[in-house]
Amino acid sequence: MKPVSLSKTESYDLPQMLEAVRRHLDLLDFRIDPGSKVVVKPNLIMRCRPDRTATTNPVVVEAVIRSIQAMGVSDITIADSPGGLYTPQVLAANYEQTGMKAVAERCGVALNLSCGSRTVRYEEGRLCRAFDLIDPIAGADVVINLCKLKTHCMTTLSCGIKNLFGCIPGLLKPQLHYRFPDGRQFAQMLVDLSLLVRPSLTLVDAVDAMEGDGPTGGSRRHIGLTAAAVGDGLYALDLMMAHLIGLGPGQVPMLADAVERGLCPACWEQVKLTGDPDALSCAVTDFVMPASKTLDFTGNVPRPLAGLIRRLEPRLAPRPQVRGKDCVGCGRCAESCPAKTIVLENRRAKIDLSSCIHCFCCHEMCPVKAIDIKTTRIFRFLSKS
Ligand code: SF4
Ligand code: SF4
């Protein structure tokens, strides 16, 4: 099993980050052939400043790029397909706000502005045998996965596996949500995708993580850590990061699937660690989970009531709710809704919940956070019992 490297990294100070990244790469014996075409794939989910903690911090991206340039690599492109439309204008605005443009200028690397994609077959996929991938990812020799540690309203955790969803172009992402509305199937699809993309290195920005209603609506939580793994160490890395914020594989559908496929151990104690021996002290016991966190209601109620609760689950499940007074009528929620169940009326978003598949893409994409996740009293009761 490939090791996971942990390093206490207290701040986004560039010299400190360079030292942490170089140590990870040395410990993992990570090397790149200098002639390789390398794509660095941060999490750029939406156009926002780094201090929102929704995106990979530019200092992490810069430290990784400088470290691989030191190996003699020169063909490096920063690329991601954020949520919403995938156009050169959207990408340019995103790069500017997230700090990627400045990183690219300082390091002399390219920013992907071409918005093509191609279908890549993956015959071994359990659920998906083909994916549309953005061109830079489909054409890369080496993919470097630079994710942010966050909660996620649908998948509970956003880390290395989930970050690769950004290899799918723009509005094809909501289509996959619609094709796989069931959380377990969606997770299987993500694991298939990760096996197709096969990042050579995954490095997690957990200096400041996001807790609460991630991946865009939560709050900053300082953890003071970076972590990395090469190749298929990705799964053990996600398992380890989940553990550090109080989650086990049973609570993260992608990890449950990875364990079931034998891609990672069933418990974090079996992960081979390297790096800072005291990095485990960064573990947080009160990390705030999303309001929508997936629950198995049937395990929390007396057995005779389990069937009834299962039938009622769709009605009990958390749902999106627009705060009309805060909605600015931009339409991004409607654009991203896979079920096409949002309309704009008098420049206010309106959701028809009867067709909602509870993916929370709308919540994720709202730039002014005007969509709340509403839970019922009985949901809250069951989630505590
Ligand atoms: S309304 Fe929101 S949560 Fe429901 S299907 Fe549309 S995007 Fe998903
Ligand atoms: S709810 Fe948010 S994303 Fe939807 S139209 Fe209003 S401001 Fe835009």
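For every chain, the first residue of the written sequence is number 1, and numbering continues from 1 along that sequence. Note on labels: chains are lettered from A, ligands numbered from 1, in written order. For a predicted model such as this one, the threshold for reporting local features is a pLDDT of at least 70, and the threshold for listing and counting side-chain atom pairs is 80 or more; totals across whole chains, interfaces and linings nevertheless cover every residue. The side-chain numbers reported here are obtained from all heavy atoms of the structure, hydrogens and water having been left aside.

Chemist: When you look at the site of ligand 1 in this model, what are you seeing that I'm missing?
Modeler: A molecule or strand has a residue near it when one of that residue's heavy atoms lies within 4 Å. Around ligand 1 there are 14 residues in total, and Cys-337, Cys-356, Cys-359, Phe-360 and Cys-362 lie nearest to it. Throughout, the ten residues Ala, Val, Leu, Ile, Met, Phe, Trp, Tyr, Cys and Pro are labelled nonpolar, Asp, Glu, Lys and Arg are labelled charged, and all others, Gly among them, are labelled polar. Among the residues forming the shell around ligand 1, the class breakdown is twelve nonpolar, two polar and no charged.

Chemist: For this particular structure, what's the right way to read the pattern of salt bridges?
Modeler: Should their charged atoms come close, side chains of opposite charge can pair. Put simply, a salt bridge is a Lys or Arg side-chain nitrogen that is within 4 Å of an Asp or Glu carboxyl oxygen. Summed over the entire model, instances satisfying the criterion amount to 24 salt bridges. Ionic pairing is found between Arg-261 and Asp-192, a salt bridge with its closest N-O pair at 2.8 Å. A residue pair is termed long-range when its members are at least 10 positions apart, and Arg-261 in the loop between helix H10 (253-260) and strand S11 (273-275) and Asp-192 in helix H8 (residues 183-197) qualify at 69 residues. In this structure, Arg-261 and Asp-192 share a single accessibility class: buried. Counted as one network, the salt bridges with shared partners bring together Arg-323, Lys-325, Asp-326 and Asp-372. Helix and strand definitions follow DSSP, with helices as H or I runs of at least four residues and strands as E runs of at least two, each counted in order from the N terminus. Partly exposed describes any residue whose relative accessible area lies between the buried limit of under 20% and the exposed limit of over 50%, with all areas from a 1.4 Å probe on protein chains only and scaled to the type maximum.

Chemist: Explanation requested: the side chain of Asp-257 in the structure shown.
Modeler: Among the structural elements, Asp-257 can be located in helix H10. The definition of a polar contact used here is a pair of N or O atoms within 3.5 Å, where within protein one atom must be able to donate a hydrogen and the other to accept one, and adjacent residues in sequence count solely through side-chain atom pairs. A polar atom in the side chain of Asp-257 sits 2.8 Å from the side chain of Arg-261. What makes two residues a contact is simply this: any of their non-hydrogen atoms within 4.5 Å. Leaving out residues up to four positions away in the same chain, Asp-257 has contacts with Arg-126, Gln-188 and Val-191.

Chemist: How do you make sense of the layout of surface pockets when you look at a structure like this?
Modeler: Empty space among the atoms can be located by rolling a probe the size of a water molecule over them. In this analysis a 1.4 Å probe is tested at points of a 1 Å grid over the protein atoms alone, and where it fits but cannot get out there is a cavity; an open set with protein on both sides within 12 Å along at least five of seven lines is a pocket; lining residues have an atom within 4 Å of a point. Grid points are joined across faces, edges and corners, and a volume is the space filled by probe spheres set on the points. When its volume is computed, the second largest pocket comes out at roughly 220 Å³. Lining the second largest pocket are 14 residues, and of these Arg-47, Gly-83, Leu-85, Val-90 and Arg-332 sit closest to its centre. Contributing elements (two or more residues each) for the lining of the second largest pocket: helix H3 (88-98) and helix H12 (332-336). Considering every element that reaches the lining of the second largest pocket, the biggest residue donor is H3, with four residues. Grouping the amino acids of the lining of the second largest pocket by side-chain chemistry returns seven nonpolar, four polar and three charged. The split into domains, and so the bounds of each, comes from an automatic or database assignment of domains. Residue-level mapping places the lining of the second largest pocket at the junction of two domains, with at least three residues from each of domain 1 (4-282) and domain 2 (297-384).

Chemist: It is not clear to me how the pairing of strand S2 (residues 37-42) should be interpreted in this structure. Could you clarify?
Modeler: Moving residue by residue along a regular strand, the side chains alternate between the two faces of the sheet. Burial of S2 is extensive: five of the six residues sit out of reach of the surface. Any two strands with at least two DSSP-identified bridges between them are counted as paired. As paired strands, S2 and strand S3 (residues 75-78) are joined by four bridges and run parallel to one another. Across the sheet, the residue bridging to Lys-37 is Asp-75, located in S3. For the segment spanning S2, helix H2 (residues 58-69) and S3, crossover handedness is right-handed. Pairing geometry for S2 and strand S7 (residues 142-152), over five bridges, is parallel. Across the sheet, residue Lys-41 finds its bridge partner in S7, namely Asn-145. Crossover handedness is defined by viewing with both strands directed away from the observer: a clockwise path from the first strand over the helix to the second marks the crossover as right-handed.

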